[in-house]
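Examination of the molecular architecture
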Amino acid sequence: MNNRVMSDASIMNTSAWQDLAPLLSVRDVNKYYAPGKGCGPVNFDLYPGEVMGIVGESGSGKSTLLSCLSARQTPDSGQIIYNSEQFGEMDLYAGDESERRVLMRSEWGIVHQHARDGLRMNVSAGANIGERLMAVGQRHYGDIRAKAEEWLEAVEIDANRIDDRPSQFSGGMQQRLQIARNLVTHPRLIFMDEPTGGLDVSVQARLLDLLRNLVSQLGLSVIIVTHDLAVARLLAHRLMVMRRGEVVESGLTDQVLDDPQHPYTQLLVSSILQN
Amino acid sequence: MSTATGYNFAYLDEQSKRMIRRAILKAVAIPGYQVPFGGREMPLPHGWGTGGMQVTASVIGEADRLKVIDQGADDTTNAVSIRRFFATTAGVETTESTAAASLIQTRHRIPETPLQADQILIYQVPIPEPLRFIEPRETETRKMHALSEYGAMQVKLYEDVARFGHIATSYDYPVMVNNRYMMDPSPIPKFDNPKMNRMPALQLFGAGFEKRIYAVPPYTEVKSLDFDDYPFEVQRWDENCAICGSDHSFLDEVIIDDAGSKMFVCSDTDYCRSRQTNATESATATEETLS
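Residues numbered from 1 in each chain as written. Chains lettered and ligands numbered in written order. Predicted model: local features only at pLDDT ≥ 70, side-chain atom pairs only at ≥ 80, totals over all residues. Heavy atoms only, no water.

This part takes up the sheet that holds strand β9 (residues 212-216) of chain B. Residue and element names in this part refer to chain B. Strand order in the open sheet formed by seven strands is β1-β9-β8-β5-β4-β2-β3, and the pairing between neighbours is mixed. The outermost strands of the open sheet, each flanked by one partner alone, are β1 (35-36) and β3 (93-94). Pairing analysis gives two bridges linking β1 to β9, with the strands arranged antiparallel. Note on β9: the bridge partner recorded for P36 is R212. (Pairing = 2+ DSSP bridges. Helix = DSSP H or I, 4+ residues; strand = E, 2+ residues; numbered from the N terminus.)

Structure follows, in structure tokens:
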């Protein structure tokens, strides 16, 4: 272990973020299905506007951690404190489930690895985008449709595809539709689980470009889980490397990728094909 | 009145009736909430109105007068069988007249004649969960009801407007009861939805297959879902009823020959018949005064 591992202090010292209150504070979160299967203990702070990458091999607990953070799975122990616009500072799992569910459809967005997990495949693209608006109480069809068109264009899908079903879209378009569906209520925090998984490289590149623009334009905070270090380098400000459920190294993205300290991170970085 | 021997009054045993009555009381106390109950086997298949029959069997008394309708008609197989079933097992009086009935078991319609405070309307319900088409998990739909998360239901209406230019859902049209619970009004045409609002009669819903009972107490607000810019509307017809001339009742389209000729008639047979009788009577009365 080295001095960067698990030390939040050194990260905070390197940035101006320390002046702001963290958006999400994770304290000793543990979730194990069986010994060695799960994740934890995990500690970190996420600040407004920050993109945090979680990398690691399959089965390292990345997705488990993400579902704990995004209120979809109760951790065995530990605290997740979220600074909400509506509810103020709240301990996620100590509070009411109704509050967590309100967060999930207003202040948060969740982009799934497989678009069909995050979309309603049997209703049109417009309805997919409009659903969150209707869930937060909008009841004017014309307004909902106008918003849906606006967001389709924002994610580079032709607005005349609004009445097509997601099943008629290509994989890349489905993924972009999923992003539009999440962003329509102007969330502050987005959770992404392998958003580029299963897409070919040119489509991946366009999606990443789009994501990067949206993140910077909207000032989103993002927690992105990926096994693709190129994606992490492009999007993430900060990286956490996980192995067998534990965080083995964390720090600024460039620092971790260019000067890996932990043997596992070194292995991970050296496994990428160099050109 | 003939009563079948060897059966308890109205077929069900008293313990089962008590259990169902408890479910009904709870349903009335929480308008629109689906109360689970221990559905009993009835001597006909699920989907033929076993839910409605169990509710009827639990609330019926010797002094009641029962009317049963199916698609508005008193003389269709399902209606005739259920009416005869209770005539045999409970020995109660039956009627085809809406005004004369104290209990009305119905499938697919609410009678055209406005119901009164001393009447009970019992619906046969195939699928009690309005959210089922969006959310297949029962645990999840229950949570959605508990937390009033009904935004997703609007998606169905959005799809209608996007595809057809208007809300094309014409039956089973979701309603909000007492501003709290979303309810499936059973497959009645949306034409009948406004009749549910602040109805003086008690409305009970029984789903035999899914073992759920729910209720709308008298004078409860029932609102059909819609959009601000696409308000709720009921069906209209250009024709009047070919038999009684009614211009305000729900009409069935009936094909009358192989050439495709058709006529429109009231779906509520009792209402149509009473309008004809009234018309003949007033015509006779006019003739008598003239002569």
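This brings us to the pattern of salt bridges. Evaluated as defined, the whole model comprises 32 salt bridges over all chains. Where D70(B) meets R107(B), a salt bridge forms, and the shortest distance between an N and an O atom there is 2.5 Å. Taken together, the residues D70(B) in strand β2 (residues 65-70) and R107(B) in strand β4 (residues 103-107) connect sequence positions 37 residues apart. By relative accessible area, which is 7% here, D70(B) ends up buried. A single network of salt bridges, built from pairs that share partners, joins R101(A), R105(A), E140(B) and E149(B). (Salt bridge = Lys/Arg side-chain N within 4 Å of Asp/Glu carboxyl O. Buried < 20%, exposed > 50% of the residue type's maximum accessible area, 1.4 Å probe, protein only.)

Let's shift gears to unusual backbone geometry. Residues and elements named next belong to chain A. Looking along the chain, the bond that leaves G40 and enters P41 is cis, with omega of 0°. Along the chain, P41 falls in strand β2 (residues 37-46). At H186, a residue that is not glycine, the phi angle is positive and equals roughly 50°. Secondary-structure assignment places H186 in the loop between α7 (171-183) and β7 (189-193). Since its relative accessible area comes to 52%, H186 is described here as exposed.

Residue and element names in this part refer to chain A. Here six strands make up an open sheet; going across it, the order is β6-β7-β8-β3-β9-β10 and the pairing mixed. The open sheet terminates on both sides in strands that have one partner only, identified here as β6 (108-111) and β10 (246-252). For this sheet the average axis-to-axis angle between neighbouring strands, irrespective of direction, equals 15°. This element, α7, spans β6 and β7 of the sheet and lies at about 170° to β6. (Axes fitted to C-alpha atoms, helices over the stretch in contact; angles between N-to-C directions. Contact = heavy atoms within 4.5 Å.)

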